[in-house]
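# Secondary and tertiary structure notes
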Amino acid sequence: MDSKVERLLMFCLIGVSLKDNRFLSLRKRTTLKSLFQKRCLGRLWERLYEEVGAATFQLFPFGAKMSKISESDIPFTHRVDNLYQFTYLVRWDEDGNVTITKRHLNWTRSVYGYMTPYVTNNPRGAYLNSRDLDLGRNNNNGTAQASTWGRSYFKDNFDRLVHVKTKVDPTNFFRNEQSIPPLPSREKERGD
């Protein structure tokens with residue numbers, strides 16, 4: 001890394017540098033309602049040193065003014081009663097080695113699993129800007145399938161967002177692996 005711009009790109013895990021080399025990354029985010037237990041934090045540090053790639057844990061504080069915005073006011077619902085968002089990520093150089101890639105992916109998924117008792121659940125909070133494809137993928141099976149990840153990102157706002165999507169993009173032209181699908185035409189006619 002020669003420039004501040006390149007270091008910033010690497011820090012943000014955008015996936016490219018100003019040179020020809022590329023890297024891969026996996027980032028998962030979840031929300032926490034309570035402080036870490038000392039035992040949990042110690043084990044997280046141990047897990048951090050197990051990873052050979054560039055692994056990072058980040059805490060983003062929530063609360064204060066954020067908690068005064070109602071969950072139904074905007075799509076981002078993880079404001080009220082959450083102390084912070086916890087991000088765990090790993091970055092590694094892309095070299096085409098499937099074994100190395102699987103090792104890094106497994107490490108991140110393992111830490112994600114370890115954190116399960118300490119994070120929000122029912123649904124487990126997730127952040128759409130760090131799409132977590134482990135939560136599921138859209139294969140055009142409608143809103144029931146999409147709700148598996150949609151509720152993690154949007155909680156109760158998911159249903160309202162489905163109705164917005166149905167009005168704004170009924171053909172689902174704007175879509176990705178975890179986009180909110182429109183209602184099928186039968187449900188539109190009934191007003192569900």
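Everything discussed here concerns the structure shown above.
Notes on the structure in this doc start here.

Rules of the game
- Residues numbered from 1 in each chain as written.
- Predicted model: local features only at pLDDT ≥ 70, side-chain atom pairs only at ≥ 80, totals over all residues.
- Heavy atoms only, no water.
- Helix = DSSP H or I, 4+ residues; strand = E, 2+ residues; numbered from the N terminus.
- Buried < 20%, exposed > 50% of the residue type's maximum accessible area, 1.4 Å probe, protein only.
- Contact = heavy atoms within 4.5 Å.
- Areas by Shrake-Rupley, 256 points an atom, 1.4 Å probe, with all protein chains shown as cover.
- Salt bridge = Lys/Arg side-chain N within 4 Å of Asp/Glu carboxyl O.
- Core = buried A, V, L, I, M, F, W, Y, C linked by side-chain atoms within 4.5 Å.
- Expected span 1.5 Å × (residues − 1).
- Arc of directions from axis to C-beta.

What the chain contains, in helices and strands, is 6 helices and 3 strands. Ordered by position in the sequence, the α and β elements of the chain form the string α-β-α-β-β-α-α-α-α. Among the 192 residues that make up the chain, the fraction classed as buried is 41%. Here the contacts in the chain between residues at least 6 apart in sequence split such that 64% fall between residues at least 24 apart. As displayed, the chain offers around 11600 Å² of accessible surface, 55% of which is attributable to carbon and sulfur atoms.

Our next topic: the pattern of salt bridges. Taken as a whole and judged by the stated rule, the model has 9 salt bridges. Across the pair Asp134 and Arg109 runs a salt bridge, and its minimum N-O distance is 2.7 Å. Within this pair, whereas Asp134 is found in the loop between helix H3 (98-114) and helix H4 (142-154), its partner Arg109 is found in helix H3, the two being separated by 25 residues in sequence. Owing to a relative accessible area of 41%, Asp134 belongs among the partly exposed residues under this scheme.

Our next topic: the nonpolar core. Counting 18 residues, the largest nonpolar core has Phe36, Leu44, Phe57, Phe86 and Met115 as its most contacted members. In this structure, Ala146, Leu161, Ile180 and Leu183 belong to the second largest nonpolar core, which totals 10 residues.

Turning next to helix H2 (residues 38-50). In this model, H2 (13 residues) spans 19 Å end to end at C-alpha, consistent with the 18 Å of a helix rising 1.5 Å per residue. Restricting attention to buried positions, one finds in H2 the residues Cys40, Leu44, Arg47 and Leu48. One face of H2 carries all of its buried residues, which in axial projection span an arc of 105°. In H2, the exposed residues that point more than 90 degrees away from the buried face are Lys38, Arg39 and Tyr49. Next to the buried residues of H2 lie strand E2 (54-61), strand E3 (84-93) and H3.

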